[in-house]
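These are the residues of each chain, in order.
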Amino acid sequence: MKKLLLTLAAAAALVVPASAKTSIYASYGGYTQMDACDCHDGWDGVNNAWGAVNVGVDFGIGSRFRLGPSYTFSSATTKGGKHHSDLYYHAILLNAKYDYYRTGILTLYAHAGLGVEITHLAPYHGDAYNKTYFAGQISPLGARVQLGNGFNFFGEVGFGAQGLAQFGFSYDF
């Protein structure tokens, strides 16, 4: 996983102009890919996750395009009983965002991300293990509102590891 993160950071550093804006962000997304798809090794009785927490960085490439890595965390449990077990979801994505409309303080954009999702399964009655799955995010409608001093509020609607609906804050520097 460290090699993947270093490779993503190196690739982003090679394509980012020195004068481009960089953004860091944190968000919450509800109903993720991990809930909608079988990202739990076929386990029965898995509850829906509480959502997902996302953090990432975007490097500006040109005036309308951004590229950067992100990390997503979520978790779920199996239904109660004597074999109650835990699942932890970790997703690493390389994200591309394109600003297709700007006016004053509002920017509308599209977001696509590709990567890997690692499920850490911790069964009550056995040893913990990991399963790896394809992860993605497609959000055709995203809106970012500038709040001032580099701070922004954003929201997205789409599907993937980061959530069906995602809301958060970013900071540009």
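Everything below is about the structure shown above.
Scope of this entry: the structure provided in the associated data block. (Residues numbered from 1 in each chain as written. Predicted model: local features only at pLDDT ≥ 70, side-chain atom pairs only at ≥ 80, totals over all residues. Heavy atoms only, no water.)

1. Describing the overall build of the chain
Across its full length, the chain carries 2 helices and 8 strands. Along the chain, helices (α) and strands (β) appear in the sequence α-β-α-β-β-β-β-β-β-β when read from the amino end. The globule rule puts the C-alpha radius of gyration for 173 residues at 16 Å, and the 17 Å found for the chain is close to it. Across its three principal axes, the chain shows a C-alpha extent of roughly 55 × 30 × 25 Å. For the chain, with 173 residues in total, the buried portion stands at 43%. Relative to all contacts within the chain whose residues are 6 or more apart in sequence, the contacts with residues 24 or more apart total 57%. Summed over all atoms, the accessible surface of the chain reaches about 9,000 Å², with 67% contributed by carbon and sulfur. Taking the average location of the 11 positive side-chain charges in the chain and that of its 11 negative ones, the two points are 9 Å from each other. (Helix = DSSP H or I, 4+ residues; strand = E, 2+ residues; numbered from the N terminus. Rg over C-alpha atoms; globule rule 2.2 N^0.38 Å. Buried < 20%, exposed > 50% of the residue type's maximum accessible area, 1.4 Å probe, protein only. Contact = heavy atoms within 4.5 Å. Areas by Shrake-Rupley, 256 points an atom, 1.4 Å probe, with all protein chains shown as cover. Lys, Arg positive; Asp, Glu negative; His and termini not counted. Charge placed at Lys NZ, Arg CZ, Asp CG, Glu CD.)

2. Let's talk about the side chain of Thr-107
Its place among the elements puts Thr-107 in strand S5 (residues 106-122). Dropping the residues within four chain positions of it, Thr-107 is found in contact with Asp-99, Tyr-101, Arg-102, Gly-142, Ala-143 and Arg-144.

3. Topic: the sheet that holds strand S1 (residues 22-30)
Ordered in space as S1-S2-S3-S4-S5-S6-S7-S8, the 8 strands form a closed barrel in which the pairing is antiparallel. For this sheet, the mean inter-axis angle between neighbouring strands, taken without regard to orientation, is 25°. Looking at chain direction, strand S6 (residues 129-148) and strand S7 (residues 151-160) are connected through 9 bridges and run antiparallel. Counted as the bridge partner of Leu-141 is Val-157 from S7. (Pairing = 2+ DSSP bridges. Axes fitted to C-alpha atoms, helices over the stretch in contact; angles between N-to-C directions.)

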